[in-house]
Amino acid sequence: MANGVAAQVVGGPSSSKVLTRDLSNKRKLSHAKAGLLWGAFGGMSWGFAGVVMGIAFAMAPFTGGATIFTGPLVGAAMHDGFAGIFLTLSNIFTGRGSEIFRTLKTWPGILVCLAAIFGGPIAMGGYLLGIEFAGASYALSITAMFPVVGTIMAAVFLKEKVTPLVWAGIALSVVGALIVGWTPPEGGSMPHFYLGIGCALLACFGWGIEGVLSTFGMDMVDPDIAISIRESVSCIVSIVGVLPFVAGWALLGESLGTFNSLWILACAGVIGGISYLAWYKSLNMTGVGRAMALNITYVIWGIVFGYFMTDLQLTTNLVVGGLIITIGGVLVVANPKELLNLRQGA
């Protein structure tokens, strides 16, 4: 009898530990699955935002800019401005408004500001110029190579190891980009098509550099705060340091008074801000590799939304190249086996 009681006493806590561990694993698995949903939503919403921006650029006053660069660069400033307003208000309403100003006084905050310059006026400007000159779906496909650029720069500057599988992904992404950009759409509607492809490639480098810089800064900065700073700084630098050189202030003022395109741009900015929030939630909940692999599916979403919302022609080059870039991006940022194995990777 005493031995039975002793067995119960010993076995009770052990069983409790097993039950606690199982419950913890279930919570982690549920958390990782939720992260996958956020990552998928982030990719979908970024693809949607790109198509919406393309629609706005086809409307007045963006069709009559002082130069061929004026409209997209003004649009980039406005997109980041609306995203910054949305994200800043979100932080204020959640009681973290003062954290923004405190962060700006720190070294990590300065790094986030520097990352914003590469990710905003340079990358976002190049991306929207790509949309203007080559079309949203083509620009989205080319810019999806930004993880490739980030991986190479991380290997050079952060001394991160690049495996043979990653090099294979890089090669696939380059091949996919060549397929997408080799032949412009039929009909002669894109006279600056190759310039647009070049601008989209510039965006890849801007976002790649931003990723390396933010790696240092994000260790000490709340992601929600960092995103708010990133978008706001990008908008300010664009207005002060870029638009004066392309006669953009006049168009900016005109666009703020043109309701039809203004509300579409505002929607694109808010959607872009939500996409960034979803992206960082996915990073936190399911890991960098899986989050990036899901994020770059915006290539496919851009093609889907472009087909149903615009007069996009589905060419073999676009569809095949977009799929190859997506597969290459998955190989670059994640082990496909781990991508599907949530329990081990969560």
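Read on for an overview of the structure. (Residues numbered from 1 in each chain as written. Predicted model: local features only at pLDDT ≥ 70, side-chain atom pairs only at ≥ 80, totals over all residues. Heavy atoms only, no water.)

## Things to note about the overall build of the protein
As a reminder, the rule being used: Helix and strand definitions follow DSSP, with helices as H or I runs of at least four residues and strands as E runs of at least two, each counted in order from the N terminus. Only protein chains enter the area calculation, which uses a 1.4 Å probe; residues under 20% of their type maximum are buried, those over 50% are exposed, and those in between are partly exposed. The contact criterion used is simple: two residues touch if any of their non-hydrogen atoms lie within 4.5 Å. All accessible areas in this document rest on Shrake-Rupley with a 1.4 Å probe, and a residue is counted as covered only by the protein chains that are shown.
On a plain count of helices and strands, the protein comes out with 16 helices and 0 strands. Taken across its 346 residues, the protein has 49% of its residues classed as buried. Taking the intrachain contacts of the protein between residues at least 6 apart in sequence as the baseline, contacts between residues at least 24 apart amount to 86%. Entry remark: accessible area of the protein is about 16400 Å², with carbon and sulfur atoms responsible for 71%.

## Focus: a nonpolar patch on the surface
As a reminder of what qualifies: Within this analysis, patches are made of residues with over 30% relative accessible area and no salt bridge. Like charges are joined at 9 Å or less; nonpolar side chains (Val, Leu, Ile, Met, Phe, Trp, Tyr) at 5 Å or less. Within this document, salt bridges are pairs made up of a side-chain nitrogen of Lys or Arg and a carboxyl oxygen of Asp or Glu, the two lying within 4 Å of each other.
Taken together, the side chains of Trp301, Val304, Tyr307, Phe308, Met309, Leu314, Val319 and Leu323 make up a nonpolar region of the molecular surface, amounting to roughly 730 Å² of accessible area. Listing elements by their share of the nonpolar patch, those giving two or more residues are α13 (298-309) and α14 (316-333). Considering every element that reaches the nonpolar patch, the biggest residue donor is α13, with 5 residues. Here Val304 is to be found in helix α13. Judged by its relative accessible area of 32%, Val304 falls in the partly exposed class.

## A few points about unusual backbone geometry
A negative phi angle characterises most non-glycine residues, just as the trans form characterises most peptide bonds. Here the amide bond leading from Ala60 into Pro61 is cis, since omega sits at 5 degrees, within 30 degrees of zero. By secondary structure assignment, the location of Pro61 is in the loop between α1 (2-57) and α2 (70-93). Positive phi values are uncommon outside glycine, yet Ala247 reaches one of about 55 degrees. Counting through the fold element by element, Ala247 comes out in the loop between α9 (223-242) and α10 (248-256). For Ala247, a relative accessible area of 42% corresponds to the partly exposed category.

## A closer look at the packing of α2 against α9
To keep things clear, this is the line we draw: Lines fitted to C-alpha atoms define the axes, with helix axes restricted to the stretch in contact, and inter-axis angles between N-to-C directions lie between 0 and 180 degrees. Handedness of a crossing follows from how the near helix is turned relative to the far one, being left-handed for an anticlockwise turn of less than a right angle and right-handed for a clockwise one.
One can describe the packing of α2 onto α9 by two numbers: an axis separation of 8 Å at closest approach and a directional angle of 145 degrees. Handedness of the crossing formed by α2 with α9: left-handed. Contact residues: α2 offers Leu73, Ala77, Asp80, Gly81, Ala83, Gly84, Leu87, Thr88 and Asn91, while α9 offers Asp224, Ile225, Ile227, Ser228, Arg230, Glu231, Ser232, Ser234, Cys235, Ser238, Ile239 and Val242.

## Section: helix α3 (residues 97-104)
Applicable threshold: By construction, the arc corresponds to the directions joining the helix axis to the C-beta atoms.
Listed as buried for α3 are Gly97, Ile100 and Thr103. With its buried residues spanning 125 degrees around the axis, α3 presents them on a single face. When the buried face of α3 is taken as reference, the exposed residues oriented beyond 90 degrees from it are Ser98 and Phe101. For α3, the secondary structure elements touched by its buried residues are α2, α4 (107-134) and α9.

## Side note on the packing of α4 against α9
Going by this rule: Note on terminology: angles under 35 degrees are roughly parallel, angles over 145 are roughly antiparallel, angles of 65 to 115 are roughly perpendicular, and the others are oblique. Classification convention: Asp, Glu, Lys, Arg as charged; Ala, Val, Leu, Ile, Met, Phe, Trp, Tyr, Cys, Pro as nonpolar; all other residues, Gly among them, as polar.
Where α4 meets α9, the axes come as close as 8 Å, and the angle between the chain directions of the two elements is 60 degrees. With respect to α9, the axis of α4 lies oblique. Crossing geometry of α4 relative to α9 is assigned as right-handed. Residue-level contacts link Val112, Cys113, Ala116, Ile117, Gly119, Gly120 and Pro121 of α4 to Ala226, Ile229, Arg230, Val233, Ser234, Val237, Ser238 and Val242 of α9. Class assignment of the residues belonging to the contact of α4 with α9 gives a composition of 10 nonpolar, 4 polar and 1 charged.

## Digging into the packing of aromatic side chains
The condition that has to hold: In summary, the pairing rule links any two rings of Phe, Tyr or Trp, Trp by its six-membered ring, whose centres are within 6.5 Å, and it sorts them by plane angle into stacked for under 30 degrees, edge-to-face for over 60 and tilted for everything else.
Enumeration over the complete set of coordinates arrives at 13 aromatic pairs. For the pair Tyr138 and Phe193, a centre-to-centre distance of 5.2 Å together with 85 degrees between the ring planes defines the contact as edge-to-face. Placement of Tyr138 in helix α5 (residues 136-143) and of Phe193 in helix α8 (residues 193-217) is noted, with a sequence separation of 55 residues between them. The class for Tyr138 is buried, based on a relative accessible area of 2%. Between Phe146 and Trp207 the ring centres are 6.1 Å apart and the planes differ by 65 degrees, which places this aromatic pair in the edge-to-face class. Of this pair, Phe146 sits in helix α6 (residues 146-157) while Trp207 sits in helix α8, and the two are 61 residues apart along the sequence.

## What to know about the environment of Trp182
Position of Trp182 relative to the elements: it lies in helix α7 (residues 164-182). Note: C-alpha distance between Trp182 and Gly321 (139 residues apart in sequence) is 9.9 Å. Leaving out residues up to four positions away in the same chain, Trp182 has contacts with Tyr194 and Asn317.

## Some details on α5
In terms of residue burial, α5 counts as a mostly covered element, since 8 of its 8 residues are buried. Within α5, burial applies to Ala136, Ser137, Tyr138, Ala139, Leu140, Ser141, Ile142 and Thr143.

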